[in-house]
Amino acid sequence: MKFDRSVKIAPSILSADFANFGAEIQAVEAQGADWIHVDVMDGHFVPNITFGPATCAAIRPHIKTVMDVHLMIAPVDPYIQAFADAGADVITAHVEAGPHIHRTLQAIRATGAKAGLALNPGTPAEAAAPLLDMVDLICVMTVNPGFGGQKFIHSCVQKVTELREMIGDREVHIEIDGGVDPSTAPLVVAAGADVLVAGSAVFKGGSVDNPVPYGENIRAIRASV
Ligand code: DX5
Ligand code: ZN
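Now for a quick tour of the structure. (Residues numbered from 1 in each chain as written. Chains lettered and ligands numbered in written order. Predicted model: local features only at pLDDT ≥ 70, side-chain atom pairs only at ≥ 80, totals over all residues. Heavy atoms only, no water.)

Thoughts on the site of ligand 1
Close contacts around ligand 1 come from 20 residues, with Asp39, Gly146, Asp177, Gly199 and Ser200 the closest. Side-chain polar atom of Ser12 to an oxygen atom of ligand 1: 2.9 Å apart, as the coordinates give it. Separating an oxygen atom of ligand 1 from a side-chain N or O atom of His70 is a distance of 3.3 Å. For ligand 1, whose free accessible area comes to 380 Å², the fraction covered by protein is 100%. Assessed atom by atom at 2 Å from the grid points, ligand 1 resides in the largest pocket. Residue assignment for the shell around ligand 1 shows that the elements contributing at least two residues are β2 (36-41), β3 (67-72) and β8 (195-198). Here the element with the most residues in the shell around ligand 1 is β2; it accounts for three residues. Counted by class, the shell around ligand 1 contains eight nonpolar, ten polar and two charged residues. (Near = heavy atom within 4 Å. Polar contact = N/O pair within 3.5 Å; in protein donor to acceptor, adjacent residues only side chain to side chain. Areas by Shrake-Rupley, 256 points an atom, 1.4 Å probe, with all protein chains shown as cover. 1 Å grid on protein atoms, 1.4 Å probe; cavity = no way out; pocket = protein on both sides within 12 Å on 5 of 7 lines; lining within 4 Å. Sits in = over half its atoms within 2 Å of the grid points. Helix = DSSP H or I, 4+ residues; strand = E, 2+ residues; numbered from the N terminus. Nonpolar A, V, L, I, M, F, W, Y, C, P; charged D, E, K, R; others polar.)

Notes on the coordination of the zinc ion (ligand 2)
Within the protein, His37 (NE2), Asp39 (OD), His70 (ND1) and Asp177 (OD) serve as the donor atoms for the zinc ion (ligand 2), at 2.0 to 2.3 Å. For the zinc ion (ligand 2), the six donor atoms are set out with angles of 68 to 170° between them, so the coordination reads as octahedral. When the donor residues of the zinc ion (ligand 2) are listed from N- to C-terminus, their spacing reads H-x1-D-x30-H-x106-D. Of the two residues, His70 sits in strand β3 while Asp177 sits in strand β7 (residues 173-177), which places them 107 residues apart along the sequence. Like His70, the residue Asp177 is buried in the burial classification. (Donors = N, O, S within 2.8 Å, 3.2 Å for Na, K, Ca; no water. Tetrahedral: all angles 85-135°; square planar, octahedral: opposite > 155°, others 65-115°. Buried < 20%, exposed > 50% of the residue type's maximum accessible area, 1.4 Å probe, protein only.)

This is the structure we're talking about:
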């Protein structure tokens, strides 16, 4: 993975057909997705359950771009190696998921994966300050994690501005997750974000049999920024 700050669209397969992940991933990549965002939920850290490392390993061969795994689980550390073995390029853990985020980030990097740090809407930018040299990506949650299709929380935009300033010249991506669509994407890109996760805004109106809307939706987000 080469670092660059161009805007990247990362469709979240949380909004895809769960019985058809392979074909859905191939469809959104063919329609212009830059990364594939994979939401792992445990029913404990967040009030929803999705899937684990076995599913990640099964979908990996279908991903030609970047496999961006967002862990909404607690604890995180016992599962890091399994997600790395599943082929994750980026593994993101939440600062709120346990008392030892520093150790977690070290463990992620030790696998060879890029390390991501996610901040819930209620967590300030300062939480990332001691960790800036240990991360490759900071994921700013712009909804409370757990479900797709929620409303973008506008007060999180200021946090993006603050993080962009804190990051300085470091090669750290700022990713936005939750409620990204053509009306909200320009706000976060102007504030300094470069990776835009979008679930409902990419998958709406399309299917594996009718993937053209995926491309239209991706281009609409790209055109808005
Ligand atoms: C929410 C997930 C998001 C979600 C975004 O907990 O982390 O990745 O899929 O979905 P939208 O784009 O529909 O808000
Ligand atoms: Zn996510």
